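Inside the fold
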Amino acid sequence: MADMLVNEKTVVLYKNDVAVITGSCTNGKYPIKYRTQPATSTKPAVYGSQNVRMKDFVVLHEGPVSSLEAVLDFADKHACSEEDLYDENSENEFLSQIKECYELLESDEATATAPLSFVELSSLVRGNLVADESWAIFLSLKNTLYFSQNLKEQLDGKLVFVPRSRTEIEELVKKAHEKGMESQLREAFLERLKKNALLPEDSKYMVDVESLALGTTDKSRTMHDAHIKETPERAHKLLLDTGIWSITRNPFPLRWGLSMKSAHETLAAPPQEDRSSVDSVAWAIDNEWSTDPDDAVAFDGTYLWVHIADPASTVMPDSSIDRSARARGSTLYIPEGAARMLCEESLEDYALGLTEESKALSFRILLDENCNITECSVFKTLVHVKRLTYQKADELKESPELKPLFDIARRNVIRRNKAGAVQIQMPEVHITVDSETKKVSIEPEIHPESSEMIREMMLLAGEGAAKFAFKNHIPFPFVSQDAPTLPDSIPEGLAGQFRLRRCMHRRSVGVTPSMHSGLGLGMYSQVTSPLRRYSDLIAHEQLRAFLDGRNLIDKDTMLMRISEGDAGAQAAHKAERKTDMHWTLVYLLQNAEWRGEAVCVDAGGKQPQFFIPSLGLETYFTPLTDVHLNEAVAVKAANINIPEQTVDFVPV
């Protein structure tokens, strides 16, 4: 910059905008005036002042300039705009002069590609360039098709421009044309969108709408440009209205941040290690469609045995598989299928009863005559397991092998009820979706007596594990629930079950044992599903570490990991509920003639509350006549809104 003078009223380039020197250099710094905010149609420009070093600006013109305002005003009126650059019929004076200068330089081989300083080039374009015009000519040169700015030279205190080749110019014109065409095409798309008349090729513009509907972003340029409120529900509706999505598209697992695929990292095969052999045959009793039984039970005449799948034999605390399971929290069960917490291909190695001998983590429980646990021990075992369906187990409930288990279950129910357990029995449904046709079926959930027996065995295992961990000072995931505040009177029937459910508190998971009032247990932990619940898996990790004499996870770390796993499990639970509602609404749309019964479960409030057993749905509506608790009303469905997950039920 030695050949350029820097005095008061010199025009400079500062932070890619124009500024004016307003005084002499002091302590190596020059005072400048610059705009902090450009003018808009409603507000004037905002200016600021600052002292800057010479290396922070580049001289455009030595001056003297009239004022910064005059420089800006001239540029607003005369600088070449973007529209001028690509308009062959433009009458902009600067553009015409720059084009003539380019053609002159191009005609001479020596100057066709030679760099020129801003001073040299502006003199060729304008002749005697005045200070007030310097910003306008700089903007025109910077944005023109004919010259490119050499930013590397600018860093050395110079403004340098280089003539572009004809090939470069043609490419820029082509891109500008494509950009203009794209803008026109997008405007046409937005018009079709507003009319719900999209073409097949319009799907490329709807990607951001899908992302919003799936919850992977909270913005959509398409919806913003179409003046549609940017919410996942509105995005979902838009995708349905335009036919991009069908009603069977379920966005809720992804919206809750959940994968629809099972964990992919394969578990190692169970290790060869010392295990105790259990003589008594154990029974894995499950639904007939179960392919990976994870528990088995037996009574040997003295002890109750509850054998559980043993993935913690290879899944180590804070390993990559453990962290993945912790993030999921649990297996996601939706009508489309299961997204498993642990790798599906590995489950066969750990499920019980698929091979002649099964490796298990076993709870040996000694009970007194009232079914209180007097002793619980934990072993790594080899077990001979036989599989039964619930139906077959019900048929064999009086057999010598199974009768003791059913007797223990009945005694345990009596014990828990005496301790204040709250037994709530609500009608449940099972939703299935045909993978090819997407046809939805909803059937009542049947609970055979053997399934209730197995539930009691699992509760005993959870109670026994909690007592074992507490006795041995093992940091453990204890599950508790505060006692409900029950009203003086509970209605009969379904209304009474609803009243009880409303009284229940949420369960808590922590490292301190406490009463689980809902189950009527003094302390409790869940340990019977380590293949599908993270809290069970980490409980097994602790028990195995204790049995092996390894370091235990400390209480603080345990509490943190429990919380992380519980957050994932809660997300999965919410996604499952949303998904069930989604498919229920699809079912109603697929069965337009559906009729059902709604049972009144609460007659108070502005509207009575009803429960529809055949759908497993709660709803509110005004009946045609007054209704009493547990009275059934015939209804049909109306105003089904899949994105908002709402439906009205109308008395018929």
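Residues numbered from 1 in each chain as written. Predicted model: local features only at pLDDT ≥ 70, side-chain atom pairs only at ≥ 80, totals over all residues. Heavy atoms only, no water.

When helices and strands are tallied, the chain shows 19 helices and 26 strands. Here the C-alpha radius of gyration of the chain, 38 Å, is well above what a compact globule of 652 residues would show, namely 26 Å. Looking at the chain as a whole, 46% of its 652 residues qualify as buried. Long-range contacts, defined here as pairs at least 24 residues apart, represent 65% of the contacts in the chain between residues at least 6 apart. For the chain, the exposed area adds up to about 33,400 Å²; of that, 49% sits on carbon and sulfur atoms. If the 72 positive side-chain charges of the chain are averaged to one point and the 98 negative ones to another, these points end up 4 Å apart. (Helix = DSSP H or I, 4+ residues; strand = E, 2+ residues; numbered from the N terminus. Rg over C-alpha atoms; globule rule 2.2 N^0.38 Å. Buried < 20%, exposed > 50% of the residue type's maximum accessible area, 1.4 Å probe, protein only. Contact = heavy atoms within 4.5 Å. Areas by Shrake-Rupley, 256 points an atom, 1.4 Å probe, with all protein chains shown as cover. Lys, Arg positive; Asp, Glu negative; His and termini not counted. Charge placed at Lys NZ, Arg CZ, Asp CG, Glu CD.)

This part is about the sheet that holds strand β7 (residues 147–150). Across the sheet, three strands lie side by side as β6-β8-β7; this open sheet has antiparallel pairing. Each having just a single partner strand, β6 (116–117) and β7 make up the two edges of the open sheet. As defined by bridge partners, β7 adjoins strand β8 (residues 160–163) across four bridges and the pair is classed as antiparallel. Along β8, the bridge assignment pairs S148 with V162. (Pairing = 2+ DSSP bridges.)

Structurally, H236 is set in helix α10 (residues 232–241). The class of H236 is buried, set by a relative accessible area of 0%. Beyond its immediate sequence surroundings of up to four residues, H236 is in contact with A213, W245, R249, P251, R255, I642 and P643.

Quick look at the pairing of strand β24 (residues 617–620) now. What you see with β24 is a clean split: L617 and T619 sit on the buried side and E618 and Y620 on the side with no burial. Where strand β23 (residues 609–612) and β24 come together, four bridges link them in antiparallel fashion. Looking at β24, one finds that I612 is bridged to L617. Counting the residues that bridge the hairpin from β23 to β24 gives four residues, and of these G616 lies at a positive phi of roughly 70 degrees.

All right, on to the sheet that holds strand β1 (residues 11–14) then. The sheet built from five strands is open, its strands ordered β4-β3-β2-β1-β5 with antiparallel pairing. Single-partner strands in this sheet number two, and they are β4 (46–53) and β5 (57–61). Direction aside, the axes of adjacent strands within the sheet are offset by 40 degrees on average. (Axes fitted to C-alpha atoms, helices over the stretch in contact; angles between N-to-C directions.)

Okay, the environment of N591 next. Structurally, N591 can be placed in the loop between α19 (555–590) and β22 (596–602). Given the relative accessible area of 24%, N591 is considered partly exposed. Along the primary structure N591 and R410 are separated by 181 residues, whereas in three dimensions their C-alpha atoms are 41 Å apart. There is a polar contact of 2.8 Å between the side chain of N591 and the backbone oxygen of Y587. (Polar contact = N/O pair within 3.5 Å; in protein donor to acceptor, adjacent residues only side chain to side chain.)

Another point: a positive patch on the surface. Together, R506, K574, R577 and K578 make up a positively charged patch on the protein surface. If you trace the backbone, R506 turns up in the loop between α17 (493–503) and β21 (507–510). We classify R506 as exposed; its relative accessible area is 66%. (Patch = residues over 30% accessible without salt bridge, like charges linked within 9 Å, V, L, I, M, F, W, Y side chains within 5 Å. Salt bridge = Lys/Arg side-chain N within 4 Å of Asp/Glu carboxyl O.)

Inspection of every chain in the model, using the stated rule, returns 41 salt bridges. The residue D407 makes a salt bridge to R410 at a minimum N-O spacing of 2.9 Å. Separated by three residues within a single helix, D407 and R410 lie in helix α15 (residues 403–418), roughly one turn from each other. We classify D407 as partly exposed; its relative accessible area is 25%. For E456, the salt bridge goes to R455, with nearest N and O atoms at 3.7 Å. Connected via shared salt-bridge partners are E273, R275, D310, K380, R544, D548 and R550.

Between G63 and the following residue, P64, the backbone shows a cis peptide bond with an omega angle of 5 degrees. Along the polypeptide, P64 turns up in the loop between β5 and α1 (68–78). Of note, N16 is a non-glycine position whose phi angle comes to about 65 degrees, a positive value. Following the sequence through the fold, N16 ends up in the loop between β1 and β2 (17–21). Owing to a relative accessible area of 58%, N16 belongs among the exposed residues under this scheme. One non-glycine residue, Q645, adopts positive backbone phi at about 55 degrees. Position of Q645 relative to the elements: it lies in the loop between β25 (632–641) and β26 (646–651). For Q645, a relative accessible area of 12% puts it in the buried group.

Moving on, we come to the packing of aromatic side chains. For the coordinates displayed, the defined rule picks out 16 aromatic pairs. Here a set of aromatic residues connected by ring pairs shows up, and it is made of F118, W135, F138 and F161. Over the face of the ring belonging to Y47 we find K33, whose NZ or CZ atom lies 4.9 Å from the ring centre. The ring of Y303 has R364 lying over it, and the distance from NZ or CZ to the ring centre is 4.2 Å. (Phe/Tyr/Trp six-rings, centres within 6.5 Å; stacked < 30°, edge-to-face > 60°. Lys NZ or Arg CZ within 6 Å of the ring centre and 35° of its normal.)

Now for the pairing of strand β12 (residues 304–309). In terms of residue burial, β12 counts as a mostly covered element, since six of its six residues are buried. Direction of pairing for strand β11 (residues 295–299) relative to β12: antiparallel, over a ladder of five bridges. Directly across from A296, in β12, lies its bridge partner H307. If you look at the hairpin formed by β11 and β12, you'll find four residues sitting between the two strands, and G301 has a positive phi there, around 100 degrees.

Ranked by internal contacts, the top residues of the largest apolar core, which has 43 residues, are L615 and F649. Here this core gets six residues from one element, more than from any other, and that element is α19. The residues contacting L615, other than those within four sequence positions of it, are V429, I442, T584, Y587, L588, W594 and F649. Judged by nonpolar contacts, the second largest core, of 39 residues, contains L304, L367, I408 and A465. (Core = buried A, V, L, I, M, F, W, Y, C linked by side-chain atoms within 4.5 Å.)

Turning to the state of the cysteines, a few remarks are in order. Enumeration over the complete set of coordinates arrives at zero disulfides. With no disulfide partner, C376 has as its closest neighbouring cysteine sulfur the one in C371, 13 Å distant. (Disulfide = S-S within 2.5 Å.)

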